[in-house]
Amino acid sequence: MTWTHYILRGLLIIVTVLLLFYLNRKANDNIELIEKHKFETLDNIKDDSLNTKYRFDLLDNEATKFSGQIFEDTYHIKKAINYLIGVIGLLIAVELGFIFSERKKTNK
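What you see is a predicted model; the values in this text were computed from it and never measured.

1. Let's talk about the overall build of the protein
Link 1 in the chain: Within the protein one finds 2 helices and 0 strands.
Link 2 in the chain: Sequence-distant contacts in the protein: of pairs separated by 6 or more residues, those separated by 24 or more amount to 80%.
Link 3 in the chain: Summing over all exposed atoms, the protein offers an accessible surface of approximately 8,500 Å²; the carbon and sulfur share of this is 65%.

2. Observations concerning the pattern of salt bridges
A side chain with one charge can pair with a side chain of the opposite charge if their charged atoms come near.
Link 1 in the chain: On inspection of all chains with the given rule, the structure shows 2 salt bridges.
Link 2 in the chain: Note that glutamate 95 and arginine 9 form a salt bridge whose closest N and O atoms lie 2.9 Å from each other. Taken together, the residues glutamate 95 in helix H2 (residues 52–107) and arginine 9 in helix H1 (residues 2–47) connect sequence positions 86 residues apart.
Link 3 in the chain: The closest approach of N and O atoms between glutamate 102 and lysine 105, which form a salt bridge, is 3.7 Å. On the criterion of helical spacing, the pair formed by glutamate 102 and lysine 105 is a turn pair, its members being 3 residues apart in helix H2.

3. Comments concerning a nonpolar patch on the surface
Link 1 in the chain: A contiguous nonpolar patch, built from Ile13, Ile14, Val17, Leu18 and Phe21 and spanning about 480 Å² of accessible area, is present on the exposed surface.
Link 2 in the chain: Turning to its location among the elements, isoleucine 13 is positioned in helix H1.
Link 3 in the chain: Relative accessible area serves as the criterion here: at 39%, isoleucine 13 is assigned to the partly exposed category.

4. Remarks on the nonpolar core
Link 1 in the chain: Leu12, Leu19, Leu23, Ile77, Ala80, Leu84, Val87, Leu91, Val94 and Phe98 together form the largest nonpolar core, which totals 10 residues.
Link 2 in the chain: Looking at this core, the elements that each hand over two or more residues are H1 and H2.
Link 3 in the chain: Counting residues per element, this core draws most heavily on H2, at 7 residues.
Link 4 in the chain: Setting aside residues no more than four positions away along its own chain, leucine 19 makes contact with Ala80, Tyr83, Leu84 and Val87.

5. What about the side chain of histidine 5?
Link 1 in the chain: Examined against the element boundaries, histidine 5 turns out to sit in helix H1.
Link 2 in the chain: Residue histidine 5 is classed as buried on the basis of its relative accessible area of 15%.
Link 3 in the chain: Only 3.2 Å separates the side chain of histidine 5 from the side chain of glutamate 95, close enough to count as a polar contact.
Link 4 in the chain: Setting aside chain neighbours within four positions, we find histidine 5 in contact with Glu95 and Phe98.

What counts and what doesn't
- Each chain has its residues counted from 1, following the order in which its sequence is written.
- Under the rules for a predicted model, residues below a pLDDT of 70 receive no local features and side-chain atom pairs below 80 are neither given nor counted, while totals for whole chains, interfaces and linings still include all residues.
- Where side-chain values are given, they derive from all heavy atoms of the structure, hydrogens and water being excluded.
- A run of DSSP states H or I qualifies as a helix once it reaches four residues; a run of E qualifies as a strand once it reaches two. Both are numbered from the N-terminal end.
- What makes two residues a contact is simply this: any of their non-hydrogen atoms within 4.5 Å.
- Exposure was quantified through the Shrake-Rupley algorithm and a 1.4 Å probe, taking into account, for residues, occlusion by the shown protein chains and nothing else.
- Any Lys or Arg side-chain nitrogen found within 4 Å of a carboxyl oxygen on Asp or Glu counts as a salt bridge.
- Think of a patch as exposed residues, more than 30% relative accessible area, with no salt bridge, where like charges cluster within 9 Å and nonpolar side chains (Val, Leu, Ile, Met, Phe, Trp, Tyr) cluster within 5 Å.
- Residue burial is assigned from relative accessible area. The probe radius is 1.4 Å, only protein chains are included, and a residue is buried under 20% of its type maximum, exposed over 50%, and partly exposed in between.
- Note on terminology: a nonpolar core comprises buried Ala, Val, Leu, Ile, Met, Phe, Trp, Tyr and Cys residues joined through side-chain atoms within 4.5 Å.
- Within 3.5 Å is the distance limit for a polar contact, defined as a pair of N or O atoms, with the added protein rule that one can donate a hydrogen and the other accept it, and that residues adjacent in sequence qualify only through two side-chain atoms.

Here's what the structure looks like:
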């Protein structure tokens, strides 16, 4: 029974760590995307010699396009967070299950 306990605990902890690495990588990707978008938008605004209204329209269009890209990426992050919550909940359930089974074994 203890080997089963250790194997389940180790497996769930490894899956949790992998999900955390995945979330960290996706967050870094999003930060790089935000930086790239800011610099590209700033360059577009500096290069254009048109009036202020056109610049605001350009900024609005770029922000709308960028928010669409971010929403596409956040779906994967939300899914990974849901998996992470599930794995942590499963880890807690396994630990509680083994605690209760040990108590029943010692009480008999």
